Amino acid sequence: MDTDNRPERGRGSSGMDRRRALKWLAGGAGAVVLAGAGGGYAYRRSMRISRREANHLRNARFVVAGGSIGGLTVAARLRRSFPGARVTLIEPKKVHHYQPGYTLVAAGVYAREDVLFDQAELLPSGIEWVREAVETFEPERNRVILASGSAVEYDYLVVALGVEADWGSTEGLADALKTPYAGNIYDLDSGQKFRHLVRNFEGGEAVFTFPQGFVKCGGAPQKITWLTEDYLRSAGLRDNCRVHFCSAQASLFPVVPVIERAVTPKIEARGIENHFREVLRAVDVSTRTAIFEKMGEDGSRGEIRRSYDLLHPMPRFRTPRALRESVLTAEGLGGQLEIDRHTLVHKRFPNIFGVGDCAATGAPKTAATIRKQAPVVVENLLDTALGRPPSRAYDGTSGCPLLTRYGRCMMFEFDFEGNLVNEWLYQSTRETRVWWQFKVHGLKRLYRHVMIPGWV
Ligand SMILES: Cc1cc2nc3c(=O)[nH]c(=O)nc-3n(C[C@H](O)[C@H](O)[C@H](O)COP(=O)(O)OP(=O)(O)OC[C@H]3O[C@@H](n4cnc5c(N)ncnc54)[C@H](O)[C@@H]3O)c2cc1C
């Protein structure tokens, strides 16, 4: 498949030479990042623990629960810092999903197979892979119990269980997804279906929603809205349809105010109708109606009903049962791992660490966040194992490639307070072709060949 922007009908007319140049530029940007990563690696080699320290840790048992991007990159990094480390990874799935590519599958840019990897090929050498799920955590006894009933004991544990869509969280949502009017990018099959629904859409009301609570990649519901609108425009259907983005949030992109100020007028100028403080409460499949609760700023509540011809309904998210029903979470965290947001060490169990979506750090739940958290986890884990206080702090940095339309992307990094980081590099408030090309052609390579093997 040609992954160079707009698919099938309504393709833009930009020349091949320019596209090639942009690919080249994106590749150049990738090379810069890779060179930086290489430099970082060279630096970190010097951070390897000494032979005496390695000897001290010879018998330590490191267990990583969850083997997606968070678990894999931590396990690989741990083995790089300490090649003799005894690492066990507990992960039931045999196929790894590159989830940041799901949006591009639904948008018709990637094929399904572009986002699937054989898990066995991703495993760092020298680690033990337990192909089962954790059933319960028993931190007082330093062990986890597997679904089969057997126990895995550890000295140090890293929890990387991620979060999952709770498809049953909203009445009628799961039923709606079975009809020929709705699809969702948070499930690969449903995302593929959504792509076909958009290709066959002939006009009417297109309704996209954004849920309450924590969200895996909080930019993805906006991205699919904006890409769909752009597709419908180029297909000549824009005058026949209305595009609604109905969000439980108070504004379009509240986590990064600078980006929100830059992007909101661009989106409004395209006629996308944003509706804020609207929480999807139910979908009535028989009448094709999405039912929202309007949360007034003054505390008032009301009901809004929107009929739809195309629906992208967002479920709420939750952590896997093994975590949310365990003692590792705490009141008010919605089942997330209780953790110090800077050291990434559990607040009550100092030999337990957390990385990625399942951890209650307040940072966005993205792979970009994990890229910054993994080095902190590994160094603080080794510090702890060697009897030192944790020496590194996660500063909250995360990133987002905001796909505003086919061929355009705003790329930015930001901290816990929503301030932009490295703006000089990203030119963050601009929609550029280069960052689109980098998202499509560069980021997956970075994920597969740099992040998973634990180079950054
Ligand atoms: C549609 C979409 C678009 C996205 N776009 C972007 C993007 O553009 N940029 C970006 O940076 N990020 C993006 N993300 C987010 C990114 O994919 C996630 O943040 C990342 O995958 C989180 O990694 P994780 O390892 O923490 O959790 P996950 O990837 O969710 O993995 C958790 C792992 O734990 C395993 N597990 C669960 N329960 C158990 C158990 N009981 N025992 C053992 N193992 C268990 C699971 O099988 C899974 O492999 C997107 C995600 C989606 C869905």
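As a reminder, the structure under discussion sits directly above these lines.
Attention here is on the structure that accompanies the text.

The rules behind these values
Every chain's residues receive numbers from 1 upward, in the order its sequence appears when written. It should be noted that, the model being predicted, local features are given only for residues of pLDDT at least 70 and side-chain atom pairs only at 80 or more, the latter also being counted only at that level, while totals for whole chains, interfaces and linings use all residues. Think of a nonpolar core as buried Ala, Val, Leu, Ile, Met, Phe, Trp, Tyr and Cys residues chained together by C-beta atoms that fall within 7 Å. Any residue surrounded by 20 or more other C-beta atoms within 10 Å of its C-beta is treated as buried, while 12 or fewer makes it exposed and the intermediate range makes it partly exposed; C-beta atoms here are placed from the backbone. Those domain boundaries reflect an automatic or database domain assignment. Residues are defined as contacting one another if the C-beta atoms placed from their backbone atoms lie within 7 Å. Only DSSP runs of H or I reaching four residues or more are called helices, and only runs of E reaching two or more are called strands; each is numbered from the N terminus. By this rule, a helix spans an expected 1.5 Å times one less than how many residues it contains. Bend angle per residue: angle between axes fitted to the 7 residues ending at that residue and the 7 residues starting there. DSSP-based pairing: two strands are paired if at least 2 bridges between them are found. Axis lines are fitted through C-alpha atoms, for helices just across the contact stretch, and the angle between N-to-C directions can take any value from 0 to 180 degrees. For each residue, a C-beta atom is placed from the backbone, and the residue is labelled near a molecule or strand when this atom is within 6 Å of it. Only Asp, Glu, Lys and Arg are considered charged in this grouping, and only Ala, Val, Leu, Ile, Met, Phe, Trp, Tyr, Cys and Pro are considered nonpolar; every other residue, Gly among them, is considered polar.

Topic: the nonpolar core
Link 1 in the chain: Membership of the largest hydrophobic core comes to 123 residues, with the highest contact counts inside it found for Val64, Ala65, Val74, Val158, Val159, Val355 and Val377.
Link 2 in the chain: Looking at which domains feed residues into this core, each of domain 1 (40-163 + 319-398) and domain 2 (166-316) supplies at least three.
Link 3 in the chain: Other than its neighbours up to four places away in sequence, Val377 contacts Val74, Val158, Leu344, Phe353 and Val355.

Re helix α11 (residues 367-385)
Link 1 in the chain: With 19 residues, α11 extends 26 Å from end C-alpha to end C-alpha; this agrees with the ideal 27 Å at 1.5 Å per step.
Link 2 in the chain: The largest bend along α11 measures about 35° and falls at Gln373, with the proline Pro375 one to four residues further on.
Link 3 in the chain: With 16 of 19 residues buried, α11 is to be regarded as a mostly interior element.
Link 4 in the chain: Just downstream of α11, Gly387 is the residue with a positive phi angle, here 80°.

A closer look at the sheet that holds strand β16 (residues 301-307)
Link 1 in the chain: Reading across from one edge, β14-β15-β16 is the order of the 3 strands in this open sheet, with antiparallel pairing throughout. Both edges of this open sheet fall to β14 (278-284) and β16, since each of them pairs with a single strand only. For this sheet, the mean angle separating the axes of adjacent strands, direction not counted, is 25°.
Link 2 in the chain: Both β14 and strand β15 (residues 289-295) contribute to a ladder of 6 bridges, which runs antiparallel. The residue bridging Val283 from the neighbouring strand is Ala290, located in β15.

Regarding helix α7 (residues 188-200)
Link 1 in the chain: Taking 1.5 Å of rise per residue, the 13 residues of α7 would be expected to cover 18 Å, and the 19 Å separating its terminal C-alpha atoms lies within 8% of that figure.
Link 2 in the chain: Summarising the contacts, the buried residues of α7 are in contact with α4 (102-106), α8 (220-234) and β17 (310-312).

Considerations on the site of the ligand
Link 1 in the chain: Near the ligand you find 35 residues, and of these Gly66, Ser68, Gly70, Gly162 and Gly356 are the closest.
Link 2 in the chain: When residues of the shell around the ligand are traced back to their parent elements, those giving at least two are α3 (69-81), α4 and α11.
Link 3 in the chain: Residue composition of the shell around the ligand, grouped by class: 20 nonpolar, 10 polar and 5 charged.
Link 4 in the chain: When residues are assigned to domains, the shell around the ligand turns out to be shared by domain 1 (40-163 + 319-398) and domain 2 (166-316), each giving three or more.

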